[in-house]
Amino acid sequence: MLKLDFEFTRDAFTLRARCAITAPVTGICGPSGAGKSTLLAHVAGLLKPARGTISFGERTLFDSRTRVFVPAHHRHFGLVFQDGQLFPHLSVRANLVYGQKHLAPAQQRFDLQTVLDLLEIGPLLERRPGQLSGGERQRVALGRALLYSPRLLLLDEPLSALDRRLKEQILPFLRRIRDETRIPMLYVTHAREEIVALDGEIVEMEAGMLPAV
Ligand SMILES: Nc1ncnc2c1ncn2[C@@H]1O[C@H](COP(=O)(O)OP(=O)(O)OP(=O)(O)O)[C@@H](O)[C@H]1O
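This one's a predicted model, so the numbers in the text were calculated from it and none came from an experiment. (Residues numbered from 1 in each chain as written. Predicted model: local features only at pLDDT ≥ 70, side-chain atom pairs only at ≥ 80, totals over all residues.)

(A) Local environment of the overall build of the protein chain. Across its full length, the protein chain holds 6 helices and 11 strands. The globule rule puts the C-alpha radius of gyration for 213 residues at 17 Å, and the 17 Å found for the protein chain is close to it. Projected onto its principal axes, the C-alpha coordinates of the protein chain cover approximately 50 × 40 × 30 Å. Relative to its 213 residues, the protein chain shows a buried fraction of 36%. For the protein chain, restricting intrachain contacts to residue pairs at least 6 apart in sequence, the fraction spanning at least 24 positions comes to 72%. (Helix = DSSP H or I, 4+ residues; strand = E, 2+ residues; numbered from the N terminus. Rg over C-alpha atoms; globule rule 2.2 N^0.38 Å. Buried ≥ 20, exposed ≤ 12 C-beta atoms within 10 Å, placed from the backbone. Contact = placed C-beta atoms within 7 Å.)

Written out as structure tokens, the structure is:
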């Protein structure tokens, strides 16, 4: 369970999050500027709240009173953004194993072959990101996040750069990730139908409030 109870202010924008997230897939929906990406950045450990607490399972990730702040690279969460953010100078293979290199063997939940099979990206291994279609790039980005053996997958508009056909191609892969890895997902999107397709629970965000009041 991901428990959020914190506040953050940046210029005129204030984010207030107070909720417990328990579903296997949770969609954070809401209008542009509501604070969805800012919320995800707090869960990832890329931004620090002004005050409050964030915990995942038994682990406290942030507590302003006791001055706990677990940095992003110690949270073991996988991140996938809209444009995949692959390293352009590295092959698909090198991109995939990038995060895995930093894990001790005992921490590695998946091997490369399992992820290649799951996402059907084996034939792409020796290509560079510039030689991939948008949908292939997003599958590689998902593969890279999985090989990091994340405890939670944070997805920020992972399909929004893709056309309808590609979205419909990738959604079954996301369903496979949900069913075969059982890694919980926190999924930011404008497209509620993506969350519906994943049988997820939707949490509505409005004007910096989670949940909206
Ligand atoms: N790097 C930044 N510096 C200053 N303000 C920012 C920055 N990034 C976002 N903001 C502001 O913070 C608020 C929340 O932005 P955020 O990107 O979290 O919203 P969002 O719900 O993800 O929007 P969208 O759906 O358009 O991506 C907005 O008012 C935005 O203008």
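(B) Focus on the site of the ligand. Around the ligand, the neighbouring residues are Arg10, Asp11, Phe13, Gly30, Ser32, Gly33, Ala34, Gly35, Lys36, Ser37 and Thr38. For the shell around the ligand, the leading source of residues is helix 1 (residues 36-44), giving 3 residues. (Near = placed C-beta within 6 Å.)

(C) Spatial organisation of the nonpolar core. Membership of the largest hydrophobic core comes to 49 residues, with the highest contact counts inside it found for Ile28, Leu39, Ala145, Leu154 and Tyr187. Excluding its chain neighbours within four sequence positions, the residues that come into contact with Ile28 are Lys36, Leu39, Leu186, Tyr187, Val188, Val203 and Met205. (Core = buried A, V, L, I, M, F, W, Y, C linked by C-beta atoms within 7 Å.)

(D) How the structure looks around the sheet that holds strand 7 (residues 77-80). Spatially, the 5 strands line up as an open sheet ordered 7-8-9-3-10, and their pairing is parallel. For this open sheet the edge positions go to strand 7 and strand 10 (201-204), each flanked by a neighbour on one side alone. Averaged over neighbouring strand pairs, the angle between their axes works out to 20° when direction is ignored. Across 4 bridges, the pairing between strand 7 and strand 8 (residues 152-156) is parallel. In the sheet register, Leu79 faces strand 8, and the bridge partner there is Leu154. (Pairing = 2+ DSSP bridges. Axes fitted to C-alpha atoms, helices over the stretch in contact; angles between N-to-C directions.)

(E) Focus on the sheet that holds strand 11 (residues 209-210). Spatially, 6 strands are ordered 6-5-4-1-2-11 in an open sheet, and the strand pairing comes out mixed. The open sheet has two edge strands with one neighbour each: strand 6 (68-69) and strand 11. Sheet topology places strand 5 (residues 59-63) next to strand 6; 2 bridges connect them, and they run antiparallel. Its bridge partner lying in strand 6, Phe62 is registered against Phe69.

(F) Expanded view of unusual backbone geometry. Although it is not a glycine, Asp11 sits at a positive phi angle of roughly 50°. Among the secondary structure elements, Asp11 is positioned in the loop between strand 1 (2-10) and strand 2 (13-21). One non-glycine residue, Asp199, adopts positive backbone phi at about 55°. Tracing the sequence through the fold places Asp199 in the loop between helix 6 (192-197) and strand 10.

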